[in-house]
Amino acid sequence: MTDYGHDLLFGTFVTPSAQNAEHALDVAVATDRAGLDLVTFQDHPYQPAFLDTSTLLAFAAARTENVHLSANVASLPLRPPAVLARAAASLDILSGGRFELGIGAGAFWDAIAAMGGRKLTPGQGVTALKEAIRIIRELWDVDNPEIVRVDGKYYTVKGAKRGPRTAHDIAVWVGAYKPRMLALTGAMGDGWLPTLEYIEGGLAGVPDSNARIDEAALEAGRTPSDVRRVFNFMRVGFAPSERGLLNGPPEAWVDNIADMALNYGISAFLIGGDDIAVTERFAAEVVPAARELVARERGR
């Protein structure tokens, strides 16, 4: 049983389809109007069927009022870290402190190389991400009077000025599945952002991954609760009877969420499917009851 005690967050995991661009925005607006906490967009900048996620995030920020926004997750190999840091800070300022940074080491390396990016091995990608997060945090650290110098193997910054100052402390959520990435998440991330269906063993595989993150956090002088667990759920739906995790009647969703929060440490739940009706029902019939149940169980 693992509960890191975070407040619960709820939101959506949106497909940035170019063919259905207006629908992607409609889902974002529906997420905001329903009172959910987060709207996130997949980021595959080598995919011509998708909108550019950075552009979409800026547009969605202008169309929403309260919801926080993030890439889920930003593909680092095609987004230089110093530029990514300034873009994130800029969107945070323009949105009134509503931007969080989901980031990944990269995947689909042939497609990345086809776009002019650098093709790395998975291990090299982890090292590159570590360097990138350091650069990003350095550029956000505007109270440090020194200019930024990072001489990494994959990324180098030679005398960059810091800033702009972010509107709030932007969380860095890392998309991770393998041991080295999980360790990096524990050592450097503010959150772990996987898709449940991609974890080996599904929910049963979460405790082992949590343990790797917790161990790395402690080794880095942090605590396991420094890392929020933010999860995507793709196969969701409402049905008269329970068909699986987050697939059944609202009361089954509530029980599923409480179990995952109290026993698996998951504290942010992002649903896929791009279905506005499901999003609105999630917000109205599941979220309040789930918050209440988890609060009640934590208070015992």
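Residues numbered from 1 in each chain as written. Predicted model: local features only at pLDDT ≥ 70, side-chain atom pairs only at ≥ 80, totals over all residues. Heavy atoms only, no water.

Visitor: Tell me about unusual backbone geometry, and name the residues and values.
Guide: For the bond from Asn72 to Val73, the omega torsion is -5 degrees, close enough to zero to count as cis. Inspection of the secondary structure puts Val73 in the loop between strand 3 (68-71) and strand 4 (74-75). With phi around 55 degrees, Phe108 is a residue other than glycine that occupies positive phi space. Relative to the helices and strands, Phe108 resides in the loop between strand 5 (101-104) and helix 4 (109-114). Assessed through its relative accessible area of 53%, Phe108 is described here as exposed. The phi torsion at Asp274 lies on the positive side, around 60 degrees, for a residue other than glycine. (Helix = DSSP H or I, 4+ residues; strand = E, 2+ residues; numbered from the N terminus. Buried < 20%, exposed > 50% of the residue type's maximum accessible area, 1.4 Å probe, protein only.)

Visitor: Now, about the pairing of strand 1 (residues 9-14): what can you tell me, with residues and values included?
Guide: Buried residues dominate strand 1, accounting for six of its six residues. Pairing analysis gives four bridges linking strand 1 to strand 13 (residues 266-271), with the strands arranged parallel. Paired with Gly11 across the bridge in strand 13 is Leu270. Relative to strand 2 (residues 38-41), strand 1 runs parallel, the two being bridged by four bridges. By the bridge assignment for strand 2, Gly11 is matched with Leu38. Viewed along the sheet, the connection from strand 1 through helix 1 (residues 21-33) into strand 2 turns out right-handed. (Pairing = 2+ DSSP bridges. Right-handed = clockwise from strand over helix to strand, strands pointing away.)

Visitor: I'd like a description of the side chain of Thr64, backed by residues and values.
Guide: Along the chain, the position of Thr64 falls in the loop between helix 2 (53-63) and strand 3. For Thr64, the side chain forms a polar contact with the main-chain oxygen of Ala60, separated by 2.9 Å. When neighbours within four sequence positions are excluded, Thr64 is seen to be in contact with Ala28, Val29, Asp32, Leu69 and Arg98. (Polar contact = N/O pair within 3.5 Å; in protein donor to acceptor, adjacent residues only side chain to side chain. Contact = heavy atoms within 4.5 Å.)

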